[in-house]
Amino acid sequence: GAVVSQHPSRVICKSGTSVKIECRSLDFQATTMFWYRQFPKQSLMLMATSNEGSKATYEQGVEKDKFLINHASLTLSTLTVTSAHPEDSSFYICSAGGGVGGAFFGQGTRLTVV
Amino acid sequence: AQRVTQPEKLLSVFKGAPVELKCNYSYSGSPELFWYVQYSRQRLQLLLRHISRESIKGFTADLNKGETSFHLKKPFAQEEDSAMYYCALKRSGNTGKLIFGQGTTLQVKP
């Protein structure tokens, strides 16, 4: 099946710095990608829809200035956590595709802010 | 509002026992329902989708619109079925955007 790759898989950063997470569709083009956040032992919460060539659509309660999304090509979306704080520590997952075949998920990125 | 509810956080059964992971949804339109599975240290992957009415790894799920349910069933659980299972809803015509249930951890004991 289709492959979605995230990088990095794990990152530790200092409080106040910014972190960029990449999501790539390796063998298909994705005009739309999705970013989720998963807290320990909890469900995935949709953060935003990344749209190629246009602005991302954020879910209610998600700060767009905090979580910057760029989808500059048909195979790459990036999520930048700006001025990260410990409460931003989480597992971030992207997905792409999702027609009748269901979505394809990246392996996730574990962000730890110290 | 769209919502997916999985009432059980943990389901523990012995190998060979039947399994039913419950999923109820709330959506006024015609939803598309999926079951995703996450094995230990692996990414989330699609297990079943209601439109295909297929059986994967012995699992089946039937969409019951009257009860707004999409329970996942397997007659004889195997140890390798131990994983986290998520029920998810996609609004019709909406590519890829999924609403997930809270997830159920299935633990199959030997």
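Details of the structure are given in the entry above.
Rules and cut-offs
Residues numbered from 1 in each chain as written. Chains lettered and ligands numbered in written order. Predicted model: local features only at pLDDT ≥ 70, side-chain atom pairs only at ≥ 80, totals over all residues. Heavy atoms only, no water. Helix = DSSP H or I, 4+ residues; strand = E, 2+ residues; numbered from the N terminus. Rg over C-alpha atoms; globule rule 2.2 N^0.38 Å. Buried < 20%, exposed > 50% of the residue type's maximum accessible area, 1.4 Å probe, protein only. Contact = heavy atoms within 4.5 Å. Areas by Shrake-Rupley, 256 points an atom, 1.4 Å probe, with all protein chains shown as cover. Disulfide = S-S within 2.5 Å. Pairing = 2+ DSSP bridges. Axes fitted to C-alpha atoms, helices over the stretch in contact; angles between N-to-C directions. Buried area = accessible area lost by both parts, 1.4 Å probe. Salt bridge = Lys/Arg side-chain N within 4 Å of Asp/Glu carboxyl O. Polar contact = N/O pair within 3.5 Å; in protein donor to acceptor, adjacent residues only side chain to side chain. Nonpolar A, V, L, I, M, F, W, Y, C, P; charged D, E, K, R; others polar. Phe/Tyr/Trp six-rings, centres within 6.5 Å; stacked < 30°, edge-to-face > 60°. Lys NZ or Arg CZ within 6 Å of the ring centre and 35° of its normal.

(A) Here's a closer look at the overall build of chain B. The helix and strand inventory of chain B stands at zero helices and 11 strands. For chain B, the α and β elements follow one another from N to C terminus as β-β-β-β-β-β-β-β-β-β-β. A compact globule built from 110 residues should have a C-alpha radius of gyration of about 13 Å, and chain B, at 13 Å, falls within 12% of that. Summarising its shape, the C-alpha atoms of chain B cover approximately 40 × 30 × 25 Å along the three principal directions. Split into buried and exposed, the 110 residues of chain B put 45% on the buried side. Of the contacts made within chain B by residues no fewer than 6 positions apart, 58% connect residues no fewer than 24 positions apart. A total accessible area of about 5600 Å² is found for chain B, and carbon and sulfur atoms account for 48% of it.

(B) Spotlight on the state of the cysteines. Counting across every chain of the model gives two disulfides over all chains. Between cysteine 23 of chain A and cysteine 94 of chain A runs a disulfide, and the two sulfur atoms are separated by 2.0 Å. On the S-S bond that ties cysteine 23 of chain A to cysteine 94 of chain A, the torsion sits near 80 degrees, and the link is right-handed. Residue cysteine 23 of chain A is found in strand β3 (residues 19–25), and its partner cysteine 94 of chain A is found in strand β9 (residues 90–97); the two are separated by 71 residues along the sequence. Each member of the pair, cysteine 23 of chain A together with cysteine 94 of chain A, is buried. Through a disulfide, cysteine 23 of chain B is tied to cysteine 87 of chain B; the S-S separation comes to 2.0 Å. Across the disulfide from cysteine 23 of chain B to cysteine 87 of chain B, rotation about the S-S bond amounts to roughly -65 degrees, and the bridge is consequently left-handed. Within this pair, whereas cysteine 23 of chain B is found in the loop between β3 (19–21) and β4 (24–26), its partner cysteine 87 of chain B is found in strand β9 (residues 83–91), the two being separated by 64 residues in sequence. There is no split in this pair, since cysteine 23 of chain B and cysteine 87 of chain B are both buried. In this structure cysteine 13 of chain A is a free cysteine whose sulfur lies 18 Å from that of cysteine 94 of chain A, the closest cysteine sulfur available.

(C) Spatial organisation of the sheet that holds strand β8 (residues 76–81) of chain A. Residues and elements named next belong to chain A. Spatial strand order, β1-β3-β8-β7: four strands in an open sheet with antiparallel pairing. Since the sheet does not close on itself, it has two edges, and those belong to β1 (4–7) and β7 (67–73), each with one partner. The sheet shows a mean angle of 15 degrees between the axes of neighbouring strands, taken without regard to direction. Pairing of β1 with β3, which is carried by four bridges, proceeds in the antiparallel orientation. If you follow glutamine 6 over to β3, its bridge partner there is cysteine 23.

(D) Looking closely at the interface of chain A and chain B. Taken together, the contact pairs 21 residues of chain A with 18 residues of chain B. For the pair chain A and chain B, the summed buried surface comes to about 1600 Å²; carbon and sulfur atoms form 55% of the total. Counting every contact that joins chain A to chain B gives one salt bridge. Ionic pairing is found between lysine 97 of chain B and glutamate 59 of chain A, a salt bridge with its closest N-O pair at 3.0 Å. At the boundary of chain A and chain B, one finds eight residue pairs in polar contact (both at pLDDT 80 or more). At the level of elements, β4 (32–38), β5 (44–51) and β10 (103–105) of chain A are the ones that each hand at least two residues to the side of chain A that touches chain B. Along the lines of polarity and charge, the residues of the side of chain A that touches chain B split into eight nonpolar, 11 polar and two charged.

(E) Quick peek at the packing of aromatic side chains. Taken as a whole, this structure holds 10 aromatic pairs over all chains when the rule is applied. Between phenylalanine 28 of chain A and phenylalanine 104 of chain A the ring centres are 6.1 Å apart and the planes differ by 55 degrees, which places this aromatic pair in the tilted class. Of the two residues, phenylalanine 28 of chain A is situated in the loop between β3 and β4 and phenylalanine 104 of chain A in strand β10; the sequence distance between them amounts to 76 residues. Here the aromatic rings of tyrosine 36 of chain B and phenylalanine 100 of chain B are separated by 6.0 Å at their centres, their planes lie at 55 degrees, and the arrangement is tilted. Placement of tyrosine 36 of chain B in strand β5 (residues 31–38) and of phenylalanine 100 of chain B in strand β10 (residues 99–100) is noted, with a sequence separation of 64 residues between them. For the pair tyrosine 36 of chain B and phenylalanine 100 of chain B, a shared accessibility class is recorded, and that class is buried. If you follow lysine 109 of chain B out to its NZ or CZ, it ends over the ring of phenylalanine 14 of chain B, 4.5 Å from the centre.

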